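What the coordinates show
Residue strings, one per chain:
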Amino acid sequence: MIDRVEIYVKAGDGGNGVVSFRREKFVPRGGPDGGNGGHGGSVYFMGKSSLNTLMSFKYKRRWRAENGANGQGKKKAGKSGKDLLIEVPLGTQVWSKEQDKKEVSLADVVTEGQRVLAVQGGKGGFGNAHFATSTNQAPRTAEQGTPGEEVHLLLDLKLIADVGIVGYPNAGKSTLLSAVSKARPKIADYPFTTTEPILGVVDRGYQSFVMADIPGIIEGAHEGRGLGLDFLRHIERTKVLIHLIDGTSAKPVADLKGVEAELELYQPLLKDRPRMIAVNKIDLPEVRSLLPQLEQEFKALGVRVYFISAATGEGVEDLMKKTLELLSRAGSFVEKKKEPEAEYKVFRPQPLAPRKGARQVPERRKRQGDKHGRE
Ligand SMILES: Nc1nc2c(ncn2[C@@H]2O[C@H](COP(=O)(O)OP(=O)(O)OP(=O)(O)O)[C@@H](O)[C@H]2O)c(=O)[nH]1
Ligand SMILES: [Mg+2]
């Protein structure tokens, strides 16, 4: 999965203004008529919920907006360059790559249609017609356009899911996601079937949440074993975790501890994330016969455990109900940022300043009651 890329973006340069004079028969000294240059296009990032990876950046690393055109004679202004809108998946963080390699966070794209200005286009230069004054009626100067900004950026995708399913390979994580959502992740009885996080929307009446099926974790994953732990970046922003345990495992309690230890090694903060613990595959007789014993073992650890079968759906509804309850209580880990404000300047008509010498209208006198407060 492509979830971290470095790209280069460049806004369009402003077009140059020109020096030109009107030349026409019977119009002596036609005067300056050099037009202004057009503005360069800016580059924006825009949130798009249908995207799930930064794949579109794999082969295209350089992005440019259009330059503004130069001005022309007859006071013709150059055309402004078009803005470039780059679509990115929700959860994309934009970092600037400074020269000293320090990364500075610039923006976090979290909502559909959210626009973030990456680089501003250059300004078009004025043509000589602009500089004509009563004392300089034939100016021979024109401005050059300013160059568009350019910058190296790092895009870092951390998918936004409310709930993340974690556990050893083969525990049935993908089966659970496909049982409760329309997502159709690959399911098979060998480990590491899922190689990248898959999102699904769980709809429960008026409430819904996004759940992520995360690839299996094994012991030593923090040292790169198995698929490593890089994909865990995608659960950093979840509010609740569902820790799924394979009921057919020889030692389910040890499995729980093993995965928890890896999670903590990856990110100590994950330890405090609210979570549901569920033992899967209770439809199998060998698992069902172990339930009383398992219940005791988990109870001794002080862990509340749910027993489910993702395949038959037994206990799944209850698990989802409890997950929803936990979600509504859990604080948000994703700071939903407001739409950036300073993107478009909104010009509003201001009240006219009173003319010089005009009679000042006194501010309406505040109504005052008598000493008893009556009006
Ligand atoms: N009997 C039974 N089998 C199940 C159940 N849930 C999953 N399985 C089977 O367990 C195997 C693994 O299921 P997956 O959903 O692919 O497991 P996973 O946790 O996503 O595995 P990875 O993607 O490899 O980490 C498949 O053969 C499933 O059919 C269950 O509730 N009961
Ligand atoms: Mg899977």
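Report follows, based on the coordinates.

Conventions adopted
- Residues numbered from 1 in each chain as written.
- Chains lettered and ligands numbered in written order.
- Predicted model: local features only at pLDDT ≥ 70, side-chain atom pairs only at ≥ 80, totals over all residues.
- Heavy atoms only, no water.
- Helix = DSSP H or I, 4+ residues; strand = E, 2+ residues; numbered from the N terminus.
- Buried < 20%, exposed > 50% of the residue type's maximum accessible area, 1.4 Å probe, protein only.
- Areas by Shrake-Rupley, 256 points an atom, 1.4 Å probe, with all protein chains shown as cover.
- Axes fitted to C-alpha atoms, helices over the stretch in contact; angles between N-to-C directions.
- Parallel < 35°, antiparallel > 145°, perpendicular 65-115°, else oblique.
- Contact = heavy atoms within 4.5 Å.
- Nonpolar A, V, L, I, M, F, W, Y, C, P; charged D, E, K, R; others polar.
- Phe/Tyr/Trp six-rings, centres within 6.5 Å; stacked < 30°, edge-to-face > 60°.
- Lys NZ or Arg CZ within 6 Å of the ring centre and 35° of its normal.
- Salt bridge = Lys/Arg side-chain N within 4 Å of Asp/Glu carboxyl O.
- Polar contact = N/O pair within 3.5 Å; in protein donor to acceptor, adjacent residues only side chain to side chain.
- Near = heavy atom within 4 Å.
- Donors = N, O, S within 2.8 Å, 3.2 Å for Na, K, Ca; no water.
- Pairing = 2+ DSSP bridges.

Before going further, it helps to examine the overall build of the chain. For the chain, the helix and strand inventory stands at five helices and 14 strands. Looking at the chain as a whole, 43% of its 375 residues are labelled buried. A total of about 22,300 Å² of accessible surface is found on the chain, and carbon and sulfur atoms cover 50% of it.

Remark: helix 2 (residues 252–266) packs on helix 4 (residues 291–301), axes separated minimally by 10 Å, with the N-to-C direction vectors making an angle of 40°. By the angle class used here, helix 2 and helix 4 are oblique. Residues Pro252, Val253, Leu256 and Lys257 of helix 2 lie in contact with helix 4, whose contacting residues are Leu294, Glu297, Phe298 and Leu301. In terms of residue class, the contact of helix 2 with helix 4 is built from six nonpolar, no polar and two charged.

Under the defined criterion, the tally for this structure stands at two aromatic pairs. For the ring pair Phe57 and Trp63, a centre distance of 5.3 Å and an interplane angle of 50° mean the geometry is tilted. Both residues of the pair, Phe57 and Trp63, count as buried. Taking 6.2 Å as the distance between ring centres and 85° as the angle between the ring planes, the aromatic pair formed by Phe126 and Phe131 counts as edge-to-face. Between Arg115 and the ring centre of Tyr44, over which it is positioned, the NZ or CZ distance is 5.1 Å. Note that Arg304 overlies the ring of Tyr306, its terminal NZ or CZ placed 4.4 Å from the centroid.

We now examine the pattern of salt bridges. Summed over all chains, the structure comprises 13 salt bridges. Residue Arg233 is joined to Asp3 by a salt bridge in which the shortest nitrogen-to-oxygen separation is 3.8 Å. A residue pair is termed long-range when its members are at least 10 positions apart, and Arg233 in the loop between strand 11 (207–213) and strand 12 (240–246) and Asp3 in the segment before strand 1 (4–10) qualify at 230 residues. Per residue, the accessibility class of Arg233 equals that of Asp3, and both read buried. As a salt-bridge pair, Asp108 and Arg237 come within 2.9 Å of each other at their nearest N and O atoms. Residue Asp108 is found in strand 6 (residues 103–109), and its partner Arg237 is found in the loop between strand 11 and strand 12; the two are separated by 129 residues along the sequence.

Our focus in this paragraph is the environment of Asn36. Note on placement: Asn36 falls in the loop between strand 1 and strand 2 (43–48). Along the sequence, Asn36 and Gly14 sit 22 residues apart, while their C-alpha atoms lie 9.9 Å from each other. Ignoring any residue separated from it by four or fewer positions in sequence, one finds Asn36 in contact with Asn16, Gly17, Asn70, Gly71, Lys76, Ala77, Gly78, Gly125, Phe126, Gly127 and His130. At a separation of 2.8 Å, a polar atom in the side chain of Asn36 contacts the main-chain amide nitrogen of Gly127.

Summarising the element assignment, Asp213 is placed in strand 11. One polar contact links Asp213 to Ser174, side chain to side chain, over a distance of 2.6 Å. Sequence-distant contacts of Asp213, that is, excluding residues within four places in its chain, are made with Ile165, Lys173, Ser174, Leu177, Pro185, Thr194, Glu196, Pro197 and Ile198.

Taken together, 23 residues sit near ligand 1, with Ser174, Thr175, Thr193, Thr194 and Asp283 positioned nearest. With respect to ligand 1, the backbone of Ala171 contributes an N or O atom lying 3.2 Å from an oxygen atom. Contact between ligand 1 and Ala310: an oxygen atom at 3.0 Å from a main-chain N or O atom of the residue. Taken by itself ligand 1 offers 650 Å² of open surface, and the protein chains cover 87% of this. In terms of residue count, the dominant contributor to the shell around ligand 1 is helix 1 (residues 173–180) (three residues).

Another point: the coordination of the magnesium ion (ligand 2). Only Ser174 (OG) and Thr194 (OG1) from the protein coordinate the magnesium ion (ligand 2), and they sit 2.0 Å from it. One end of the pair, Ser174, is in helix 1; the other, Thr194, is in the loop between helix 1 and strand 10 (198–204), with 20 residues separating them in the sequence. The exposure classification of Ser174 matches that of Thr194, with both residues buried.

We now examine the side chain of Ser42. Locating Ser42 in the fold gives a position in the loop between strand 1 and strand 2. Taking the relative accessible area as the measure of exposure, Ser42 reaches 4% and is therefore buried. A polar contact of 3.0 Å, which involves the side chain of Ser42, links it to the backbone nitrogen of Gly121. In contact with Ser42, not counting residues within four places along its chain, are Ala11, Ala65, Asp83, Leu84, Leu117, Val119, Gln120 and Gly121.

The strand order across the open sheet built from six strands is 10-11-9-12-13-14, with neighbouring strands paired in mixed fashion. On the outer flanks of this sheet lie strand 10 and strand 14 (305–307), each paired with one strand and no other. Neighbour-to-neighbour, the strand axes of this sheet turn through a mean angle of 30°, independent of strand direction. Sheet analysis places strand 9 (residues 163–166) next to strand 12, joined by four bridges and oriented parallel. Of the residues in strand 12, the one forming a bridge with Val163 is Val240. The strands that helix 2 touches are strand 9, strand 12 and strand 13 (275–280); relative to strand 12, the one it contacts most, it runs at about 140°. The strands that helix 4 touches are strand 12, strand 13 and strand 14; relative to strand 14, the one it contacts most, it runs at about 165°.

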